[in-house]
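Geometric and topological summary
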Amino acid sequence: ENFAFNKPAQQSKTTHGGVASRAVDGTKSRVYSSGSCTHTAEQTTPWWRVDLQQRITVTQVKIANRAILGDRLSGFEIRIGDNLENNGITSLRCGTQQHIPSNRWGTVWCDPTLIGRYVTIVIPGENKMLTLCEVEVYGIKEDSKKSPSIEIKAVDIPSETPVHNSFSTLDVEEPEEDEAYTSFPALDDDEKNMDSSHKTNVSHPKQKSKSGKVSTWKNTEQNIEKDWKNYKATGNKVNIELRNDKKDYFSSKIAGQKCDPKNAWKTINNLLGRQSKPTVVNELKLGDNSLTSPKDIAEGFNDYFSSIGPDLASNIHTSNDSFEKYVKNSKSEFTDFQP
């Protein structure tokens, strides 16, 4: 069971819309523009944390790294504990400092296992950014009947061995072959504005060659920009062709009905998906009466419209005065023409 799924998540600072909850939403896409990855600002020791909402004996933590600019997820640490002092970054560490290649899943094994409610992922150092496309936490539920254990904080002593050579607790998985990774991904604003330090370290999703074999290839920033421009140019051509074809289709449909407005509008409504709907009256209220029977409703309409004339006439004030009363004292402007 993945104890991190849909649990509350936080991070040190959010940018590029990469909110912390993306890492536990169950979406396993590793393309940032698909909206499935988190993103902190560039800062000192950025961190991300999930609240498991219960104490778990954690055995392993699985992390998905982004497809592009994945080299940023280097030298990260996983901290597990029950308190939020220093945002959890000083809790006991699961494994050693780790690095997961771009567009890969990595499994960090906690040996020995660690017990805690909060799982924190942190990259120590200055000018760091933390992006996680998915985080899964596996382990065993802590027995609520047991007396609470005491958490002991450990002080990490830096090893003389380089960090990138110590991966004994990390398993890296090859990316799955699905539609999300067999096409060139759209770039987000963060990926478009890559600085020079990332130009030669951009790992792209796996592509299938003509022979059917899957190979991982890398491009420089210039090749990325060229492919992106070609993609946009091709998309514009397709949109223009679609608009022209739609115009020709609609024109041909109504071309022969210029002198027949009724059928022309009928054709236009059909093209737009408009259909006349019959009016169905299920209830008719006449005064204080409510009619629901179809026969009663029909008779109610008949009585109303057949009596509306006399009813209006009865409300008109009648007078015995002759019309001459109103015109005999009037003076015409055309008296010279009277006989």
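Residues numbered from 1 in each chain as written. Predicted model: local features only at pLDDT ≥ 70, side-chain atom pairs only at ≥ 80, totals over all residues. Heavy atoms only, no water.

1. Concerning the state of the cysteines
The condition that has to hold: Note that a disulfide, as used here, is simply two cysteine sulfur atoms within 2.5 Å. Each helix corresponds to a stretch of at least 4 residues labelled H or I by DSSP, and each strand to a stretch of at least 2 residues labelled E; elements are numbered beginning at the N terminus. When accessible area is computed with a 1.4 Å probe and restricted to protein chains, residues below 20% of their type maximum are described as buried, those above 50% as exposed, and intermediate ones as partly exposed.
Under the counting rule described, the total for this entry stands at two disulfides. Between Cys 37 and Cys 133 runs a disulfide, and the two sulfur atoms are separated by 2.0 Å. As the torsion about the S-S bond is roughly 90°, the Cys 37-Cys 133 disulfide counts as right-handed. Of the two residues, Cys 37 sits in the loop between strand S1 (9–11) and strand S2 (47–64) while Cys 133 sits in the loop between strand S5 (105–122) and strand S6 (134–141), which places them 96 residues apart along the sequence. Take Cys 133: its relative accessible area is 0%, and that puts it in the buried class. With a sulfur-sulfur separation of 2.0 Å, Cys 94 is cross-linked through a disulfide to Cys 110. The chirality of the disulfide connecting Cys 94 with Cys 110 is left-handed, given an S-S dihedral of about -105°. In this pair, Cys 94 sits in strand S4 (residues 92–99) while Cys 110 sits in strand S5, placing the two residues 16 residues apart along the sequence.

2. Overview of a nonpolar patch on the surface
The condition that has to hold: Patch membership needs two things, relative accessible area over 30% and no salt bridge, and members are linked within 9 Å if like-charged or within 5 Å if nonpolar (Val, Leu, Ile, Met, Phe, Trp, Tyr). Here the Shrake-Rupley method, with its probe set to 1.4 Å, supplies the accessible areas, and only the displayed protein chains count as covering residues. Salt bridge, as applied in this entry: a Lys or Arg side-chain nitrogen positioned within 4 Å of an Asp or Glu carboxyl oxygen.
Together, Val 281, Leu 286, Phe 301, Tyr 304, Phe 305, Ile 308 and Leu 312 make up an exposed nonpolar region whose accessible area comes to about 630 Å². In terms of residue count, the dominant contributor to the nonpolar patch is helix H4 (residues 294–314) (five residues). Mapped onto the elements of the fold, Ile 308 is located in helix H4. Overall, Ile 308 belongs to the partly exposed group, its relative accessible area being 33%.

3. Concerning the packing of aromatic side chains
The condition that has to hold: Each Phe, Tyr or Trp ring, with Trp reduced to its six-membered ring, pairs with another whose centre is within 6.5 Å; inter-plane angles below 30 degrees give stacked pairs, above 60 give edge-to-face pairs, and intermediate values give tilted ones. Criterion for a charge above a ring: Arg CZ or Lys NZ at most 6 Å from the ring centre, at most 35 degrees from the ring normal.
Counted according to the given criterion, the structure contains two aromatic pairs. When the centroid spacing of 6.3 Å and the interplanar angle of 15° are considered together, the rings of Phe 301 and Phe 305 count as stacked. Of this pair, Phe 301 and Phe 305 both sit in helix H4, four residues apart, which is roughly one turn of the helix. Assessed through its relative accessible area of 55%, Phe 305 is described here as exposed. Ring centres 5.1 Å apart and planes at 80° place the aromatic pair Tyr 304 and Phe 305 in the edge-to-face group. Judged by relative accessible area, which is 44%, Tyr 304 ranks as partly exposed. Put simply, the rings of Phe 301, Tyr 304 and Phe 305 pair up and form one aromatic cluster. We note Arg 22 situated over the ring of Tyr 32; from NZ or CZ to the ring centre the distance is 5.8 Å.

4. Regarding the pattern of salt bridges
Counted by the stated rule, this structure contains five salt bridges. For Arg 55, the salt bridge identified is with Asp 82, shortest N-O distance 2.8 Å. Here Arg 55 is found in strand S2, whereas its partner Asp 82 is found in the loop between strand S3 (74–81) and S4, with 27 residues between them in sequence. For Asp 82, a relative accessible area of 29% translates into the label partly exposed. Each member of the salt-bridge network shares a partner with another, and the members are Glu 77, Arg 79 and Arg 93.

5. Topic: the pairing of S3
The cut-off we apply is this: Two strands make a pair as long as DSSP finds a minimum of two bridges between them.
Most of S3 sits out of view: seven of its eight residues are buried. Relative to S5, S3 is paired through five bridges, and the arrangement is antiparallel. Within S5, the position partnered with Glu 77 by the bridge is Val 122.

6. Some points on the confidence of the model for the protein chain
For clarity, the threshold we go by: pLDDT is a residue-level measure of predictor confidence that goes from 0 to 100. Contacts are residue-level and defined by heavy atoms, with any inter-residue pair within 4.5 Å sufficient.
Within the protein chain, residue pLDDT values average 75, and 72% of them lie at 70 or more. By mean pLDDT, the top-scoring element of the protein chain is S1 (95), and the lowest-scoring one is strand S9 (residues 214–215) (40). This model gives residues 177–187 a pLDDT under 50, and the stretch forms 30 contacts once residues within four places in sequence are excluded. pLDDT under 50 marks residues 195–219. Its contacts with residues more than four places away, or in other chains, come to 53 contacts.

7. Here we look at the nonpolar core
Filter applied, for reference: Take the buried residues of types Ala, Val, Leu, Ile, Met, Phe, Trp, Tyr and Cys, join any two whose side-chain atoms come within 4.5 Å, and each joined set is a nonpolar core.
Ranked by internal contacts, the top residues of the largest apolar core, which has 28 residues, are Trp 48, Ile 63, Phe 76, Ile 78, Ile 121, Leu 132 and Val 135. Elements with a minimum of two residues in this core: S2, S3, S5 and S6. By residue number, the principal contributor to this core is S2, which donates seven residues. Counting residues in each nonpolar core, the second largest holds five residues, with Tyr 32, Ala 64, Trp 105 and Cys 133 among its members.

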